[in-house]
Amino acid sequence: MDFKDVMAARRAVNFFDPDRDVPQADLEALLETATRAPSSFNLQPWKVAVLRNPAQKARLRALAWDQPKITEAPVVLMYLADTQAWNMYEPSFERQFSYLMETGRYKPEQREAFAASVKSLYGETPEKSLAFGAKNTAFFAMTFMYAAAAAGYVTHPMDGFDHDGVREAFGIPDRFWIPLLMAVGHLKPGVTVAPPKWRFGLDDFLYNLPE
């Protein structure tokens, strides 16, 4: 599809066909596509937990406002924003700095300067670290949603859940914030997708700075 068609077709769908799966190969291909999303300093501070097991999904549903789509969709993705990926010696930092050296953009002796730059942007306060992880993981999640729509799948991003309860129930380490869950699958037969919702126009969201 043309990208405008993908944009127009994508919906946050509430009703999933429980009898149609998302093949693992398809899911992995969509996740690979989503890795093309931009990220700060290319640190890619995200992880994704894939829930297919009915018992796991039932446990999650109990902590997510009892939303039926969590157990009806064949796949639920739990996006994990790594708030510490900017740290020197973390895998994200090390892989990116190695890449920068391999491509000739940095020299080994510039390691400390690179680390200081990254820390000044993302590591000076807990708020900055949380924003770093959450915003980049959101880029990744949105890219996945468009890729899924282009491939004929439907999705629904969710932030209606007990964050601390989910963290405890699934043993998620403190370094990860959970910005959203996402149901992935096929539209339930017989369900009509609602028309597109209204959107603000340019005059509504363009912000004019003072001279």
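Attention here is on the structure that accompanies the text. Positions within a chain are numbered from 1, following the residues in the order the chain's sequence is written. For a predicted model such as this one, the threshold for reporting local features is a pLDDT of at least 70, and the threshold for listing and counting side-chain atom pairs is 80 or more; totals across whole chains, interfaces and linings nevertheless cover every residue. With hydrogens and water set aside, each side-chain value is computed from the structure's full complement of heavy atoms.

## A closer look at the overall build of the chain
Helix and strand content of the chain: 9 helices and 4 strands. Counting from the N terminus, the helices are the DSSP runs of H or I reaching at least four residues and the strands are the DSSP runs of E reaching at least two. Counted from the first residue to the last, the chain has its helices and strands arranged as α-α-β-α-α-β-α-α-α-β-α-β-α. On the principal axes, the C-alpha backbone points of the chain span a range of 60 × 50 × 35 Å. For the chain, the residues scored as buried account for 39% of the 211 residues in total. Surface accessibility of the chain: about 12,400 Å² in total, with carbon and sulfur atoms responsible for 55%. Between buried and exposed lies partly exposed: a residue is buried under 20% and exposed over 50% of the maximum accessible area for its type, with that area taken using a 1.4 Å probe on protein chains only. Accessible surface area values rest on a Shrake-Rupley calculation with a 1.4 Å probe, where residue burial reflects the displayed protein chains alone.

## What to know about the packing of helix H5 (residues 91-102) against helix H6 (residues 111-122)
In a packed pair of helices, the relevant descriptors are the angle between the two axes and the axis-to-axis distance. At a closest axis distance of 12 Å, the pairing of H5 and H6 adopts a crossing angle of 130°. By the criterion of interaxial angle, the relationship of H5 to H6 is oblique. When the axes of H5 and H6 are compared, the crossing they make is right-handed. Residue-level contacts link Phe93, Glu94, Gln96, Phe97 and Leu100 of H5 to Arg111, Phe114 and Ala115 of H6. Across the contact of H5 with H6, the residue classes tally to 5 nonpolar, 1 polar and 2 charged. Helix axes are fitted only over the stretch in contact, all axes being lines through C-alpha atoms; the angle between N-to-C directions runs from 0 to 180 degrees. Throughout this description, any angle smaller than 35 degrees is read as roughly parallel, any larger than 145 degrees as roughly antiparallel, any in the 65 to 115 degree range as roughly perpendicular, and the remainder as oblique. Take the far helix as your reference; a near helix turned counterclockwise from it by less than a right angle gives a left-handed crossing, and one turned clockwise gives a right-handed crossing. Any two residues having at least one pair of non-hydrogen atoms within 4.5 Å are treated as being in contact. Residues are sorted three ways: Asp, Glu, Lys and Arg are charged, Ala, Val, Leu, Ile, Met, Phe, Trp, Tyr, Cys and Pro are nonpolar, and all the rest, Gly among them, are polar.

## Some points on helix H7 (residues 126-150)
Over its 25 residues, H7 runs 36 Å from end to end, which matches the ideal 36 Å to within 8%, given 1.5 Å per residue. Phi turns positive, to about 95°, at Gly152, one or two residues after H7. One fewer than the residue count of a helix, multiplied by 1.5 Å, yields its expected span.

## Some thoughts on unusual backbone geometry
Unlike most non-glycine residues, Phe41 shows phi in positive territory, near 55°. In this structure, Phe41 sits in the loop between helix H2 (24-34) and strand S1 (46-51). Under the relative-accessibility criterion, Phe41 is labelled partly exposed at 31%. Phi at Asp66 takes a positive value of approximately 55°, unusual for a residue other than glycine. With respect to the helices and strands, Asp66 occurs in the loop between helix H3 (54-62) and helix H4 (69-72). What makes Asp66 partly exposed here is its relative accessible area of 48%.

## Remarks on the environment of Thr83
Summarising the element assignment, Thr83 is placed in the loop between strand S2 (75-82) and H5. On the basis of relative accessible area, Thr83 is assigned to the buried category, the value being 10%. With 91 residues separating them along the chain, Thr83 and Asp174 place their C-alpha atoms 9.1 Å apart. Ignoring any residue separated from it by four or fewer positions in sequence, one finds Thr83 in contact with Ser129, Leu130, Phe132, Arg175 and Trp177. Looking at Thr83, its side chain comes within polar contact range of the main-chain oxygen of Arg175, at 2.7 Å. As used in this structure description, the phrase polar contact means that two N or O atoms lie within 3.5 Å; if the pair is within protein, one of them must be able to donate a hydrogen and the other to accept it, and residues adjacent in sequence are counted only when both atoms belong to side chains.

## Focus on the sheet that holds S2
At least two bridges found by DSSP between two strands are what make those strands a pair. On the basis of which strands lie adjacent, the open sheet formed by 4 strands has the order S1-S2-S4-S3 and antiparallel pairing. Only two strands of the sheet have a single partner each, and these edge strands are S1 and strand S3 (154-158). Averaged over all adjacent pairs, the angle separating strand axes in this sheet is 25°, with direction ignored. As defined by bridge partners, S2 adjoins strand S4 (residues 176-185) across 7 bridges and the pair is classed as antiparallel. The partner of Val76 across the bridge, within S4, is Ala183. Together, S1, S2, S3 and S4 form the strand contacts of H7, whose direction differs from that of S2 by roughly 150°.

## Some words on the packing of aromatic side chains
Geometry of aromatic contacts follows a simple scheme: Phe, Tyr and Trp rings, the Trp one being its six-membered ring, pair when their centres are within 6.5 Å, and the pair is stacked under 30 degrees between planes, edge-to-face over 60, tilted otherwise. The full count for this structure, using the stated rule, is 12 aromatic pairs. Note on Phe93 and Phe97: the rings are 6.3 Å apart at their centroids and 10° apart in plane angle, and the pair reads as stacked. Of this pair, Phe93 and Phe97 both sit in helix H5, 4 residues apart, which is roughly one turn of that helix. In this structure, Phe93 and Phe97 share a single accessibility class: buried.

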